[in-house]
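# Tertiary structure, described
Take a look at the letters that make up each chain.
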Amino acid sequence: MKKAFKFLLNTIPRPILIRLSYIARPILAFLLRGNRFTDPIDGKSFRMFLPYGYGQQRNNVLSPSTLSLERHRLLWLYLNKETDFFQSKFISDSSANKPTIKLRDAETSSALKVLHFAPEQAFYKRFRNQSNLDYTTTDLFSPLADVKADICNLPFEDNSYDVILCNHVLEHIPDDTKAMQELYRVLKPGGMGIFQIPQDLARTKTFSDDSITDEKERAKIFGQYDHVRIYGRDYFDKLRAIGFEVIEENYTAKISPELVEKYCLAKGEIIPVCFK
C-alpha cells in the first residue's frame, strides 16, 4: 500500500488527485472502519490511517474519511478549542468554554472574513457551509479555488480579512518574503493568520539551494520535489520581521498523550499563530 500511495503522489498531478479522491474516500472509509484511531474533524474512527509522503512515507497519518493529515487535525483542534472561529455567536467571558482568542467583537454579529490559500479537502466544505464565515479560497491551480491568484501579487485590497489560513504553501514559493508581505497587507489590523509549514525544529537556520534542480534530488533533500527550502526555527523571526506578532503554539503539549496518539498528531509540531 505504501508503494502504491507514493507512486500516485509522485506521478499524478495534484488537481487530478483531488478529483479522484472524491471517489476513493468513501470506499477507503468503509474498508478501514474500526476503533483504534479517530479523526477529530468528523469524529469517525478506523482500525488504521493511511500512509502518506512524497519521499519518506509516514504510517497512520492520512484519515480515510476527511483525508486530513496530522497538521490538519491539529489545526482543527486549535481553532475549535482556542478560538471562536466555529461559533456563530460570541461567547461571553462568563462562559466556562470561552475561547482564548476572540476573532470577533462582542457587539458585532457580522461574519468573519476568511481567506484560505490552497484549500484542503478536510476543511473546504465544512468552512464553506459555516454561516458565520464569509469564506474565500484562492490558489493558482487548485480546482477548489474561488480566485486564481499569485500569493506574491494578490488581487485583494489592504486590510480585507479577519482570518487568513495559508498552510504548507510558503515552502513552494521562491520569494517567500514577498508572499509574507502580501499576507500582512491583506490581513486586517487585529486579524489572525495561521501559516503552517513543514519545519525542521532541529535547524536554527532555514536551508535553500537553487542550484538543485533535479526533481528526485529535490525530493530527497527538501522532502518534496516542488519544495524550495527547509524551514528552521528562524521562520518565526522572519514572520516577525514582516510585522506580525507571532505565537509559537506547541499545541500537542496541551493535549493528553492518549489523544495525541488516538488523533494521530505529530507531537511537538508548532502552529505559527500570527496577528497584525
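Right, let's walk through the structure included here. Remember, predicted model here, so these are calculated numbers, not experimental data.

## Considerations on the overall build of the protein
Counting its regular elements, the protein contains eight helices and eleven strands. Relative to its 276 residues, the protein shows a buried fraction of 50%. Considering only contacts within the protein whose residues lie at least 6 apart along the sequence, 60% involve residues at least 24 apart.

## Section: the packing of helix α3 (residues 70–82) against helix α4 (residues 121–128)
Two elements in contact, α3 and α4, have axes whose closest approach is 10 Å; the angle formed by their N-to-C orientations is 30°. Here α3 is positioned roughly parallel relative to α4, judged by the angle of their axes. Contacts between α3 and α4 pair His72, Leu75, Trp76 and Leu79 from the former with Phe123, Arg126 and Phe127 from the latter. Among the residues making up the contact of α3 with α4, the classes are represented as five nonpolar, one polar and one charged.

## Remarks on the pattern of salt bridges
According to the stated counting rule, one finds twelve salt bridges in the structure shown. Notably, a salt bridge pairs Arg185 with Asp158, separated by 2.8 Å at the nearest N-O pair. Of the two residues, Arg185 sits in helix α5 (residues 176–186) while Asp158 sits in the loop between β7 (147–148) and β8 (161–165), which places them 27 residues apart along the sequence. On the basis of relative accessibility, which here comes to 21%, the residue Arg185 falls in the partly exposed class. With its nearest N and O atoms 2.9 Å apart, the salt bridge here joins Glu248 to Arg233. Here Glu248 is found in strand β10 (residues 245–249), whereas its partner Arg233 is found in the loop between α6 (215–222) and α7 (235–242), with 15 residues between them in sequence. Residue Glu248 is classed as partly exposed on the basis of its relative accessible area, which comes to 32%. Here Arg233 falls in the partly exposed class, since its relative accessible area comes to 36%. The structure contains a network of salt bridges with shared partners spanning Arg233, Asp237, Arg240 and Glu248.

## Some remarks on the pairing of strand β11 (residues 271–275)
Most of β11 is tucked away, with five of its five residues classed as buried. Alternating positions in β11 separate into two faces, Ile271, Val273 and Phe275 on one and Pro272 and Cys274 on the other, with burial throughout. Both strand β9 (residues 187–194) and β11 contribute to a ladder of three bridges, which runs antiparallel. The residue of β11 that forms the bridge with Ile194 is Val273. By the bridge criterion, five bridges tie β10 to β11 in an arrangement that is antiparallel. Bridging across to β11, Ile247 finds its partner in Val273.

Conventions used here
Residues numbered from 1 in each chain as written. Predicted model: local features only at pLDDT ≥ 70, side-chain atom pairs only at ≥ 80, totals over all residues. Heavy atoms only, no water. Helix = DSSP H or I, 4+ residues; strand = E, 2+ residues; numbered from the N terminus. Buried < 20%, exposed > 50% of the residue type's maximum accessible area, 1.4 Å probe, protein only. Contact = heavy atoms within 4.5 Å. Axes fitted to C-alpha atoms, helices over the stretch in contact; angles between N-to-C directions. Parallel < 35°, antiparallel > 145°, perpendicular 65-115°, else oblique. Nonpolar A, V, L, I, M, F, W, Y, C, P; charged D, E, K, R; others polar. Salt bridge = Lys/Arg side-chain N within 4 Å of Asp/Glu carboxyl O. Pairing = 2+ DSSP bridges.

So yeah, pure geometry; function would need other evidence.
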